[in-house]
Amino acid sequence: MTLTRKQFLKTFALGGAAAASGLAAPSILHAQSPTLLRMNMVIGNQDPMFPMWEDFGKRIEEASDGTLKIEVYPTETLGKTVDMIEAVSRGAPVLQDSDPSHLYNYVPDFAVFMAPYMLKQPEDIRKAWHSDFVAGWEEQLHQKGLRVLTMTYFGTRHLLSNRQVHMRADTAGLKIRNAPTKMWNEVGRVLGGDITNTAWSEVYTALSQGVAEGAESPLSILYSAKLYETLPYISLTGHLVATTSIIMSQKVYEGLPEQGKKALDTVGRGYTDVRQPMIEGLETEYRGILEEAGIVFNEVDKSSFIEAAAQTPDQFPEWTPGMYEKMLEIIA
């Protein structure tokens, strides 16, 4: 059965996932049938990263010895990320695509994974996530009904704009699109310019109409979302070695057969290293594609951006004292 977004949100609006008709309980209660988990992605099925998530789902199925079935849905088909995370926390049988900043409302320290210029290279994601320090945050997250399945490299994010940016002073007055979360607004502050909160689905229109004059993302996304059609310059700010994650319901996880749990844990933990070279390959490929499309790239003096990023912990007094410095030690 293919589930529409409207049907899905209606089913889980009150958090009654366990009683949802045919979505969770039957496959868990009847061991002979695989448990169906629907994976709700932000990216579209034409995005070059989409097949990687299909691969992720297939790996889980194969490792589960027939106990799990994964269906992958593009472009938030089942619902918007924030809404779906809430549904998942209440027991929805969904694997939700989410950058760690969305976990801020549950365990604020998780947002540090998206702090500008904190992670220096893709390998830092594995170092941080596999640390005992972050394992403590995961235990807190379980108490809130959520479980991290994997954290992987999403790509290094750069600034697409209507002007070349060589230093932070060059963004003065530039209307830069940001997602409407606290950490993404912090990314906007570090980049300079004027923060413009716009839904991702509206970015192309906003850039085309001048509502926004800049947007940041990995190179492959700037291409697949066709944003390169709207503005001519990409400044290599490298402000985020970005992490993405897949999260699920802790309640659903606990109700799975042992082979299913083992598959999710093993594939999820291992996918960090599997995914990294795939994304690095995309970055090289899409720089060439964007140059062929007429985009002009320029290098950036990052020192003024990094200086602004050093103030990020001051913007998050709710973070555990000393946490930011501890994370820097872990990845050093």
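This structure is a prediction, so every number in the text was calculated from the model and none was measured.

Parameters at a glance
Residues numbered from 1 in each chain as written. Predicted model: local features only at pLDDT ≥ 70, side-chain atom pairs only at ≥ 80, totals over all residues. Heavy atoms only, no water. Buried < 20%, exposed > 50% of the residue type's maximum accessible area, 1.4 Å probe, protein only. Helix = DSSP H or I, 4+ residues; strand = E, 2+ residues; numbered from the N terminus. Contact = heavy atoms within 4.5 Å. Expected span 1.5 Å × (residues − 1). Arc of directions from axis to C-beta. Polar contact = N/O pair within 3.5 Å; in protein donor to acceptor, adjacent residues only side chain to side chain. Phe/Tyr/Trp six-rings, centres within 6.5 Å; stacked < 30°, edge-to-face > 60°. Lys NZ or Arg CZ within 6 Å of the ring centre and 35° of its normal. pLDDT = per-residue confidence, 0-100. Salt bridge = Lys/Arg side-chain N within 4 Å of Asp/Glu carboxyl O.

**Observations regarding helix 7 (residues 182-191)**
Line of reasoning, step 1. Helix 7 sits mainly inside the fold: seven of its 10 residues count as buried.
Line of reasoning, step 2. Restricting attention to buried positions, one finds in helix 7 the residues Met-183, Trp-184, Glu-186, Val-187, Gly-188, Val-190 and Leu-191.
Line of reasoning, step 3. Taken together, the buried residues of helix 7 touch strand 4 (146-161), strand 5 (175-178), strand 6 (194-197), strand 7 (214-217), strand 8 (233-249) and helix 12 (303-309).

**Observations regarding helix 6 (residues 132-143)**
Line of reasoning, step 1. The end-to-end C-alpha distance of helix 6, which contains 12 residues, comes to 17 Å, matching closely the 16 Å that a straight helix rising 1.5 Å per residue would cover.
Line of reasoning, step 2. Restricting attention to buried positions, one finds in helix 6 the residues Val-134, Trp-137, Glu-138, Leu-141 and His-142. For helix 6, the angular spread of the buried residues around the axis is 150°, confining them to a single face. In this structure, helix 6 carries Asp-132 and Gln-143 as exposed residues pointing more than 90 degrees from its buried face.
Line of reasoning, step 3. The inward-facing, buried residues of helix 6 contact helix 5 (123-129), strand 4, helix 10 (250-254), helix 11 (258-292) and helix 13 (323-331).

**What to know about the environment of Tyr-153**
Line of reasoning, step 1. For Tyr-153, the position within the fold is in strand 4.
Line of reasoning, step 2. For Tyr-153, a relative accessible area of 3% corresponds to the buried category.
Line of reasoning, step 3. Along the backbone, Tyr-153 and Ile-279 are 126 residues apart, and their C-alpha atoms lie at a distance of 7.0 Å.
Line of reasoning, step 4. When residues no more than four places from it in sequence are discounted, the contact partners of Tyr-153 are Pro-122, Ile-125, Val-241, Ala-242, Arg-275, Gln-276, Ile-279, Glu-280 and Glu-283.
Line of reasoning, step 5. At a separation of 2.7 Å, a polar atom in the side chain of Tyr-153 contacts the side chain of Thr-156.
Line of reasoning, step 6. Looking at Tyr-153, its side chain comes within polar contact range of the side chain of Glu-283, at 2.7 Å.

**A short note on the packing of aromatic side chains**
Given two aromatic rings, their pairing is described by the distance between the two centres and the angle made by the two planes.
Line of reasoning, step 1. Under the definition given, this model contains 12 aromatic pairs.
Line of reasoning, step 2. Geometrically, the ring pair formed by Tyr-223 and Tyr-228 is stacked, given 4.7 Å between the ring centres and 10° between the ring planes.
Line of reasoning, step 3. Judged by relative accessible area, Tyr-223 falls into the partly exposed class, the value being 27%.
Line of reasoning, step 4. Residue class for Tyr-228 comes out buried when judged on its relative accessible area of 17%.
Line of reasoning, step 5. Ring centres of Phe-316 and Trp-319 lie 4.4 Å apart, and the angle between their planes is 10°; this geometry places the pair in the stacked category.
Line of reasoning, step 6. An aromatic cluster of three or more residues is present, and its members are Tyr-104, Phe-316, Trp-319 and Tyr-324.
Line of reasoning, step 7. For the cation-ring pair, Lys-182 lies above Phe-316, with the distance from its terminal atom to the ring centre recorded as 4.7 Å.
Line of reasoning, step 8. Taking NZ or CZ as reference, Arg-287 lies 4.4 Å from the ring centre of Phe-297, over its face.

**A short note on the confidence of the model for the chain**
Line of reasoning, step 1. The predicted model of the chain has a mean per-residue pLDDT of 91, with 90% of residues at 70 or higher.
Line of reasoning, step 2. For residues 1-31, every residue scores under 50 in pLDDT, and the model assigns this stretch 52 contacts once sequence neighbours within four places are set aside.

**Concerning the pattern of salt bridges**
Line of reasoning, step 1. The final tally for this structure, using the stated rule, is 13 salt bridges.
Line of reasoning, step 2. Of the charged contacts, one joins Glu-86 and Arg-90 as a salt bridge, the two residues approaching to 2.9 Å between their closest N and O atoms.
Line of reasoning, step 3. Note that Lys-182 and Glu-318 form a salt bridge whose closest N and O atoms lie 2.8 Å from each other. Here Lys-182, found in helix 7, pairs with Glu-318, found in the loop between helix 12 and helix 13; they are 136 residues apart in sequence, far enough to count as distant.

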